[in-house]
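Fold and geometry: a report
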Amino acid sequence: MYLALYILLLAAVLLHAPPELLDPHAREFVFIIGIVGIWRYSWGFVHFLRALIYKNISFPRWRRYADRLLCASDEGEVDPAELYPEAFIVITAFRIRTETVVAVLRAALLEARDYPRPVTIVASVVEMADERLAKQFFREMQPPSHVRLAIVRVAGSGKRDGLSTALRAIGRMRPPLDSAVMVMDGDAVLPPGTLRRSLPFLRIMPDVAGFTTDEDAVVDGSLVIRAWHRLRFAQRQVLMCSMGLSRKLLTMTGRMSVFRSQVATDPDFIAQIRDDAIDHWRLGRIKLLTGEDKSTWFWLLKNRMKMLYIPDVRIITIEHPPGKSFFTASTRLMKRWFGNMLRASGRAIDLGPRQVGLFTWWCLIDQRVSMWTPLIGPLTAICFAILISPLFLYVFVAWILITRFAQTLMLLAFRDTVSGLYPFLIYYNQVYGAFIKTYVLFRLDRQTWTRQQISSPVTGRSRLEGALQAIGSAYVHALALLALFAAIGFLTGLLTLPSSFFTFKP
């Protein structure tokens, strides 16, 4: 229904366009918008083509080979121990609703029960109530003897401590070489067949250090926030498939990723998770609170290890938006996501294209560029509306409606359905998301877990130093935005230098 309404809106805008829109003064407008558009849409089309190749050609070859081995194992021709690695499932649960934890544990235990090799579920909990819940539920499910439960109690200081403690506990269990360590959040549900369809890739592809899979969400919220989450995961599928072609991803998703045991239990890998930090020229040393999935990804990247994306295995996340309104919830989530991205991308860029890979390295560069380009379009349209005619806003709106509708339709190659809300949400993510990225770029020291309500402590500075640093962040952010606006103003002719500026006076 919403898609039909959107098509009607688009038709009405195009059919009622005034003839003045063909004003010859629009050449500068078309040039500026066109140059940015060519850059952005050509780069997006490259990702789209690469994603199609990976999803429909490259990965299906690996899947067919895996399926043949799985059939041979089921028929007794191949020893399951040669195909299925022993598994350790780490579930980090802190301040997650009881019904969510129960759903996650039930799905994990059902998967472990049907898996033909030993599985150890390691629950990293904070509260005694969560420990009792996990033990009681384990007893009630009565899993077979090859399924074990281990409880790790940690302080409520964040996911990094909980995850690193759980990985050290697995190391003390002395897991077999090349066994699988699955790291997942306490709100990620494993659908039936997840282990059987994904873990054998660690045996089939011995050069892969870790992998992650597709995601979708069950959202406890309004229609708009539900559509926003589903759009995010649909766009994620496109980007991850594109990156999968290079065997280097842009993150090892914290909701669910799998690592080889020798990677997950490596002391340096665990230290990267527990004590990760970056150095900033203005903000000093920033100890990372959130973004442990970026820490694990960076460790694989700097050690030149290959990563795999499995597009036909999809986990389900149970989302509870951190705010009553869509605007509040989306703002909080984008601040956390984009902060993690920007804190990690700088040091990954510093590794260089030889170590990271040229395409992956350029994608990281593009992440820095793309936080500014979405702001050029609306600013240019506003400048021409002031300088020449408000009709330029009409042109710009029509352009946005057409292009974002095309981007929505392209998602049908990766999802069965799309929503008429997607074009509006795509533009919201691009423009408002770009502003959030620029905001976070100058405030990388601000970190908050949206669910656990844990913020990064400000240590080693007085209240005055903190205030001065906040003022400095606001100043450089405002300066960057003013520079962008000034550049667009001079390009459009809205701003001009006085003639005396070019007059030389001896």
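Residues numbered from 1 in each chain as written. Predicted model: local features only at pLDDT ≥ 70, side-chain atom pairs only at ≥ 80, totals over all residues. Heavy atoms only, no water.

**Remarks on the packing of helix H4 (residues 98-114) against helix H5 (residues 128-141)**
In contact at an axis separation of 11 Å, H4 and H5 are set at 40° when each is read in the N-to-C sense. Classified by the interaxial angle, the pair formed by H4 and H5 is oblique. In the packing of H4 onto H5, the handedness of the crossing is right-handed. Taking contact as the criterion, the partners of Thr98, Val101, Val102, Leu105, Arg106, Leu109 and Leu110 in H4 are, on H5, Leu133, Ala134, Phe137, Phe138 and Met141. Of the residues belonging to the contact of H4 with H5, the class tally is ten nonpolar, one polar and one charged. (Axes fitted to C-alpha atoms, helices over the stretch in contact; angles between N-to-C directions. Helix = DSSP H or I, 4+ residues; strand = E, 2+ residues; numbered from the N terminus. Parallel < 35°, antiparallel > 145°, perpendicular 65-115°, else oblique. Left-handed = near helix turned anticlockwise from the far one by under 90°. Contact = heavy atoms within 4.5 Å. Nonpolar A, V, L, I, M, F, W, Y, C, P; charged D, E, K, R; others polar.)

**Overview of the sheet that holds strand E4 (residues 180-185)**
If you walk across this open sheet you meet the eight strands as E3-E2-E1-E4-E7-E6-E10-E5, and the pairing is mixed. A single partner strand is all that each edge strand has here, and the edge strands are strand E3 (147-153) and strand E5 (188-189). Bridging between E4 and strand E7 (residues 256-260) involves five bridges; their strand directions are antiparallel. When the sheet's bridge partners are listed, valine 181 is paired in E7 with phenylalanine 259. (Pairing = 2+ DSSP bridges.)

**Considerations on unusual backbone geometry**
The backbone of glutamine 142 shows a phi angle near 50°, a positive value even though the residue is not glycine. By secondary structure assignment, the location of glutamine 142 is in the loop between H5 and E3.

**Focus: helix H18 (residues 422-441)**
Residue pairs spaced three or four apart in an α-helix point in one direction, given the helix's 3.6 residues per turn. The end-to-end C-alpha separation of H18 is 26 Å, in line with the 28 Å expected for 20 residues at 1.5 Å each. Most pronounced at glycine 433, the bend in H18 amounts to some 30°. Most of H18 sits inside the fold, with 15 of its 20 residues counted as buried. (Expected span 1.5 Å × (residues − 1). Bend = angle between axes of the 7 residues up to and from the residue. Buried < 20%, exposed > 50% of the residue type's maximum accessible area, 1.4 Å probe, protein only.)

**Details of the pattern of salt bridges**
Side-chain pairing between opposite charges can occur once the charged atoms of the two side chains come close. Scanning the entire structure with this criterion turns up 24 salt bridges. Among the salt bridges present, the one from aspartate 366 reaches arginine 40, with a minimum N-O distance of 2.7 Å. Here aspartate 366 is found in helix H15 (residues 358-369), whereas its partner arginine 40 is found in helix H2 (residues 27-74), with 326 residues between them in sequence. Notably, a salt bridge pairs aspartate 214 with arginine 415, separated by 3.1 Å at the nearest N-O pair. Of the two residues, aspartate 214 sits in strand E6 (residues 208-219) while arginine 415 sits in the loop between helix H17 (391-410) and H18, which places them 201 residues apart along the sequence. Take aspartate 214 and arginine 415: they sit in the same class, and that class is buried. Counted as one network, the salt bridges with shared partners bring together Lys159, Asp185, Asp187, Arg255, Glu292 and Glu319. (Salt bridge = Lys/Arg side-chain N within 4 Å of Asp/Glu carboxyl O.)

**Re a nonpolar patch on the surface**
Taken together, Met1, Tyr2, Leu5, Leu8, Leu223 and Val224 make up a surface patch of nonpolar side chains, about 600 Å² in accessible area. Elements represented by at least two residues in the nonpolar patch include exactly helix H1 (2-15) and helix H9 (223-244). At three residues, H1 tops the list of elements feeding residues into the nonpolar patch. (Patch = residues over 30% accessible without salt bridge, like charges linked within 9 Å, V, L, I, M, F, W, Y side chains within 5 Å. Areas by Shrake-Rupley, 256 points an atom, 1.4 Å probe, with all protein chains shown as cover.)

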